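Examining the three-dimensional arrangement
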Amino acid sequence: MTVAEFFGCGLIAFGPPASMFALTIAHDPIRTIMLVASAFFWLLALLFSSILYCAVVQLQDTLAFGLVFSVLFQELFRFLWFLLIQKAEGGLKKVSDGNVQIVENKHILAYVSGLGFGIISGAFSLVNVLADMTGPGTIGLFHDPQNFFVASAMTSLAFILLHVFWGILFFNAIHRRVYLQLAYVILCHLLASCITLLNPRYSITLPTIWILTGLSGVFAFIVAGGSHRTIRAAVKGTTTTTSSTRVLQVNVNEGADNSSSAGHSSLLSIHEER
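Here we summarise the structure given alongside this text. Source: prediction; values computed, not measured. (Residues numbered from 1 in each chain as written. Predicted model: local features only at pLDDT ≥ 70, side-chain atom pairs only at ≥ 80, totals over all residues. Heavy atoms only, no water.)

Focus on the packing of helix 7 (residues 148-176) against helix 8 (residues 179-194)
Between two packed helices, both the angle of their axes relative to each other and the distance between the axes serve to describe the pair. The N-to-C vectors of helix 7 and helix 8 enclose an angle of 160°; their axes lie 8 Å apart at closest approach. Classified by the interaxial angle, the pair formed by helix 7 and helix 8 is roughly antiparallel. Considering how the two elements wind past one another, helix 7 and helix 8 form a crossing that is left-handed. Judged by residue contacts, Phe 159, Leu 162, His 163, Trp 166, Leu 169, Phe 170, Asn 172, Ala 173 and Ile 174 of helix 7 engage Gln 181, Leu 182, Tyr 184, Val 185, Cys 188, His 189, Ala 192 and Ser 193 from helix 8. Each residue belonging to the contact of helix 7 with helix 8 can be placed in one class, and the counts come to twelve nonpolar, five polar and no charged. (Axes fitted to C-alpha atoms, helices over the stretch in contact; angles between N-to-C directions. Helix = DSSP H or I, 4+ residues; strand = E, 2+ residues; numbered from the N terminus. Parallel < 35°, antiparallel > 145°, perpendicular 65-115°, else oblique. Left-handed = near helix turned anticlockwise from the far one by under 90°. Contact = heavy atoms within 4.5 Å. Nonpolar A, V, L, I, M, F, W, Y, C, P; charged D, E, K, R; others polar.)

Here you go:
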């Protein structure tokens, strides 16, 4: 039973993120590298928040102190990661092997970075719980909450998705200088994290976190250009881009005074509205 619970809770927390990675990131090596690099920045945030927690001995017994500063460090390093991407944009175009979509479409970079933050955050929050699930023993003795494992898995999944949505909103807010949207990301992160201090009151914490997840998901969907048309197109398996670029190769023959010259090839980019 303990092994079954281990796999069940593990799939609850990491099944959807693993599917997102396999379907949208794994096929592109640049996206994979960006995901790993963004996860490394989250680890740096964890390192600095741990250093601060150890340095301020007087407040080590106050869990809220470490939690708040951990959130602030995560958002700080999300911003530093954004700045690094901006500086490395030219290099990304050179190594993207002609696939400049990840550079030109800022929402793709934000999505990949957010998923990197979310996966490593979920792994660190749930790995010890998953290790305890394999036994020996079981949860629920001495009047402990029997749904602890499932609630922990659901909370980890919510935070993974939240990091994806926060990444999209955060990057868009800085690009367009929508500081109200930036404030929403930070305050939502603080609220979602601080609400976990009420555990094990899962009837309060889980609905609240998932309401924030749904709200942030809707905001991120709208910011990324989503609409009812894109949903219908996704269901049908078609695209709804308003404009596309086709590259045509045209031979232009130049001649002068009845003397033939070699044909030159030029690439013309034609933008057509669909």
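Side note on the pattern of salt bridges
Inspection of the entire model under this criterion finds two salt bridges. With its nearest N and O atoms 3.5 Å apart, the salt bridge here joins Asp 28 to Arg 31. Overall, Asp 28 belongs to the buried group, its relative accessible area being 7%. In this structure, Glu 75 and Arg 78 form a salt bridge, with 3.0 Å as the shortest nitrogen-oxygen distance. Here the residue Glu 75 and the residue Arg 78 both occupy positions in helix 3 (residues 63-87), the gap between them amounting to three residues, near one helical turn. Both residues of the pair, Glu 75 and Arg 78, belong to the buried class. (Salt bridge = Lys/Arg side-chain N within 4 Å of Asp/Glu carboxyl O. Buried < 20%, exposed > 50% of the residue type's maximum accessible area, 1.4 Å probe, protein only.)

As for helix 7
Its 29 residues place the ends of helix 7 41 Å apart at the C-alpha level, agreeing with the 42 Å of an ideal helix rising 1.5 Å per residue. Along helix 7, 24 of the 29 residues are buried, which leaves the element largely enclosed by surrounding structure. Of the residues trailing helix 7, Arg 177 is marked for its positive phi of about 60°. (Expected span 1.5 Å × (residues − 1).)

Here we look at the nonpolar core
What tends to happen in soluble globular proteins is that the nonpolar side chains get buried as a cluster. Judged by nonpolar contacts, the single largest core of 48 residues is most densely connected at Met 34, Tyr 111 and Leu 115. Of all the elements in the fold, those that place two or more residues in this core are helix 2 (29-55), helix 3, helix 6 (106-133), helix 7, helix 8 and helix 9 (202-223). Among the elements that make up this core, the one with the highest residue count is helix 7 (15 residues). If near-sequence neighbours (up to four positions away) are discounted, Leu 115 is found in contact with Pro 17, Met 20, Phe 21, Ile 25, Leu 35, Ile 160 and Val 164. (Core = buried A, V, L, I, M, F, W, Y, C linked by side-chain atoms within 4.5 Å.)

Brief notes about the side chain of Ser 156
Take Ser 156: it is sitting in helix 7. At a separation of 3.3 Å, a polar atom in the side chain of Ser 156 contacts the side chain of Ser 125. In this view, Ser 156 contacts Ala 13, Gly 122, Ser 125 and Leu 126; residues no more than four positions away in its chain are not counted. (Polar contact = N/O pair within 3.5 Å; in protein donor to acceptor, adjacent residues only side chain to side chain.)

Re a nonpolar patch on the surface
Together, Leu 215, Val 218, Phe 219, Phe 221, Ile 222, Ile 231 and Val 235 line one region of the surface with nonpolar side chains, adding up to about 640 Å² of accessible area. Among the elements of the structure, helix 9 and helix 10 (228-236) are those that each provide at least two residues to the nonpolar patch. At five residues, helix 9 tops the list of elements feeding residues into the nonpolar patch. In this fold, Ile 231 is placed in helix 10. (Patch = residues over 30% accessible without salt bridge, like charges linked within 9 Å, V, L, I, M, F, W, Y side chains within 5 Å. Areas by Shrake-Rupley, 256 points an atom, 1.4 Å probe, with all protein chains shown as cover.)

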